[in-house]
Structure formats: C-alpha cells, structure tokens
Amino acid sequence: MNEGCLLVLSGPSGCGKGTVVKRLLERDPKLRLSVSMTTRVPREGEVDGVSYHFVTKEQFDRTVEQGGAMEYARCGNGDCYGTPAAPVKEWREEGMDVILEIDIQGYRQVKEKAPDAVGIFIMPPSFGELSRRLHERGTESEEKIRQRLKTGKEEIRCAGEYQYIVVNDALEDAVDQIEAILKAEHAKTEAMRTIIEEVLNDAQTISQ
Ligand code: ADP
Ligand code: 5GP
C-alpha cells in the first residue's frame, strides 16, 4: 500500500484555515486531521482533543523532551503549539492522507523531517477581508486581533516557500482546489511506485 500524503496548511490567522479543513474532512473520508497540542486557552466552543489537545506548559515541554512532537513552535501570540508525532506516522502508514494546520515555523521543521510534505498557503482575498473575518469571528480582543494581523503580514511575506497558494475567497472553490492538489499528488510517480511493480509482475505472468 502507498503511504498517504502529508498536507501542510498555513496562512494568517482568520484567513479561513479551520473552515477550509472542516469542509475538506466532510468531503474526503480518507483524510485525517492532526490534532495539535497547545498551551493557549480554549476559545468558546472548542473541545479538548478535537480542536486541540489543551495542555499546560509543563506537559508541552515534557512531550517535546521525550521526542513526541513532529514539530513545535512558539507563535506570535506567545502560546506554544506542536504536532504529536505518532498519529501522523500511523495514519500515513495506513494509507490515509493527513493534514497539519500549522504555522510557517512548523512547516519548515516538517519539510526537514518529511521532504515529501506538500505545503499549501491559504491566502485571504485581501488584507481588508482578513481583518474583517477576524473581527467578524469575534473570538479575540482588539489588541489580539492587531497582533494577529501584524503576524499575518509577516506570514504572507513567506508564502513563496510553499508549493501552492490557494486563495480562500469562495469557500467551495478553495476546497475544490485543495482536492485537486491532493489528486495530483496521488498521481505523482513517487506515489505510484507500487503500481509500476504490480503491472510489471503481471506482465511477467502473462508473457510466461
Ligand atoms: P483561521 O482558522 O485561519 O484562523 P477561521 O476558519 O476561523 O480562520 O475563519 C475566520 C472567519 O472567517 C470565520 O468567522 C469564518 O466563518 C470566516 N470565513 C472562513 N472562510 C471564509 C470564506 N471563504 N468566506 C467568508 N468568510 C469565511
Ligand atoms: P489559533 O490560536 O488561531 O488556533 O492558531 C494560531 C496559529 O498557530 C495558527 O497560525 C496555526 O496555524 C498555528 N498552529 C496551530 N497548531 C500548530 C502546531 O501544531 N504547530 C505549529 N507550528 N503551529 C500551529
């Protein structure tokens, strides 16, 4: 069986990553979302183990020390975030595609460890719309929104490090585009090694 793809989605806070991922998961039963650990406080409606594994700084540090994180970073807002290593490895080995919704510091670490990871940067249609979405979401104070927009500008400057840029204007179009990227990744020669062997084995049987 071929290993599943590892998709890394990044983009400024408020661009719609969470919304896009939710829709992708609804549409694709073979897709798994890596649930990150974070030291930040849960937002209203966020469920532990679903949105994030909400952990203390001590628990976070211990996991990292024990090698249990595929990557980790301290984000612009001061909180720590990290990807638990084990589920990603297990799902990929089972042939599932895995999505990481992480920041650029994390993406760089993932690319070091898994060069076949596919980086997709989710771009807002404009900076004004990004600000509007953050305000409309209403989950952060004005001060935090200002901080996230500042960090967002820095992140957009790094968008060129990703293989793909998907503009999240109309939601379904953005999701269609990511599904198309995933399809193309599955058709890559590297992902199709087993089919070459299978057909050649078959050829040998037939020609005997
Ligand atoms: P992120 O996970 O990147 O921080 P969210 O998924 O929380 O962003 O989205 C931020 C806000 O923007 C939410 O209120 C969400 O409903 C809204 N949103 C997301 N995608 C779109 C879109 N394509 N068009 C309009 N609003 C959107
Ligand atoms: P939020 O607090 O809005 O959920 O996330 C803030 C930022 O942290 C976003 O840019 C998000 O992509 C990033 N993030 C979430 N989980 C992880 C993770 O496991 N690792 C890294 N490096 N960044 C993460």
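As the structure is a prediction and not an experimental result, all values here were calculated from the model.

Cut-offs and rules
- Within every chain, residues take consecutive numbers counted from 1 along the sequence as written.
- Think of it this way: whatever chain is written first is A, whatever ligand is written first is 1, and the rest follow in order.
- Residues qualify for local features only when their pLDDT is at least 70, as the model is predicted, and side-chain atom pairs are given and counted only at 80 or more; totals for whole chains, interfaces and linings, by contrast, use all residues.
- To obtain the side-chain values, all non-hydrogen atoms of the structure were used and water was disregarded.
- Only protein atoms enter the 1 Å grid used here, on which a cavity is any set of points holding a 1.4 Å probe that cannot leave and a pocket is any open set flanked by protein within 12 Å on both sides along at least five of seven lines; residues with an atom within 4 Å of a point are listed as lining.
- Grid points are joined across faces, edges and corners, and a volume is the space filled by probe spheres set on the points.
- Only DSSP runs of H or I covering at least 4 residues are called helices, and only runs of E covering at least 2 are called strands; the numbering of each starts at the N terminus.
- Gly counts as polar in this scheme, as do all residues outside two lists: the nonpolar Ala, Val, Leu, Ile, Met, Phe, Trp, Tyr, Cys and Pro, and the charged Asp, Glu, Lys and Arg.
- Within the patch definition used here, like charges are joined within 9 Å and nonpolar side chains (Val, Leu, Ile, Met, Phe, Trp, Tyr) within 5 Å, considering only residues with over 30% relative accessible area and no salt bridge.
- Per-residue accessibility takes into account occlusion by the displayed protein chains alone, with areas from the Shrake-Rupley method and a 1.4 Å probe.
- Salt-bridge detection follows one rule: a side-chain nitrogen of Lys or Arg within 4 Å of a carboxyl oxygen of Asp or Glu.
- Relative accessibility under 20% of the residue-type maximum defines a buried residue, over 50% an exposed one, and the middle range a partly exposed one, all with a 1.4 Å probe and only protein chains included.
- Whether two residues are in contact is decided by their heavy atoms: any pair within 4.5 Å suffices.
- Think of it this way: one heavy atom of a residue within 4 Å of a molecule or strand is enough to make that residue near it.
- Here the criterion for a molecule occupying a pocket or cavity is that more than half of its atoms lie within 2 Å of the pocket grid points.
- UniProt positions are given in the numbering used here, feature names are shortened, and annotations may be inferred rather than shown by experiment.

1. Some thoughts on the layout of surface pockets
Of the voids in this model, the largest pocket is the one considered here, and its volume is about 1,400 Å³. If you trace the largest pocket, you find 50 residues lining it, with Gly18, Arg43, Tyr52, Glu101 and Arg137 closest to the centre. Looking at which element gives the most residues to the lining of the largest pocket, the answer is helix α1 (residues 17–27), with six residues. Tallied by class, residues from the lining of the largest pocket come to 15 nonpolar, 18 polar and 17 charged.

2. Comments concerning a nonpolar patch on the surface
A grouping of Met192, Ile195, Ile196, Val199 and Leu200 is seen on the molecular surface, where their side chains present a nonpolar patch of about 420 Å² in accessible area. Structurally, the position occupied by Ile196 is in helix α8 (residues 193–207).

3. Side note on helix α5 (residues 127–137)
Inspection of α5 places Glu129, Leu130, Ser131, Arg133 and Leu134 among the buried residues, and these make up the whole buried set. Among the structural elements, α6 (142–157) are those in contact with the buried residues of α5. Within two residues after α5, Gly138 carries a phi angle of roughly 65 degrees, on the positive side.

4. Observations regarding the site of ligand 2
In the vicinity of ligand 2 lie 16 residues, with Arg40, Arg43, Tyr52, Tyr81 and Asp103 positioned nearest. Alone, ligand 2 offers 510 Å² of accessible surface; in the complex the protein occludes 94% of this. With respect to the pocket detection grid, ligand 2 is positioned in the largest pocket. At the level of elements, β5 (69–74) and β6 (80–84) are the ones that each hand at least two residues to the shell around ligand 2. Ranked by the residues each element gives to the shell around ligand 2, the list is headed by β6, at three residues. Taken together, the residues of the shell around ligand 2 sort by class into five nonpolar, four polar and seven charged.

5. So, the UniProt feature "binding site: ATP" (unreviewed entry) in the chain
UniProt records the feature "binding site: ATP" (unreviewed entry) at Gly11, Pro12, Ser13, Gly14, Cys15, Gly16, Lys17 and Gly18, using the numbering of this structure. Those annotated residues from the list above that line the largest pocket are Gly11, Pro12, Ser13, Gly14, Cys15, Gly16, Lys17 and Gly18. Along the chain, the position of Gly14 falls in the loop between β1 (6–10) and α1. With relative accessibility at 13%, the residue Gly14 sits in the buried group. Excluding residues within four positions of it along the chain, Gly14 makes contact with Leu130, Arg133, Leu134 and Arg137. Inspection of the secondary structure puts Gly16 in the loop between β1 and α1.

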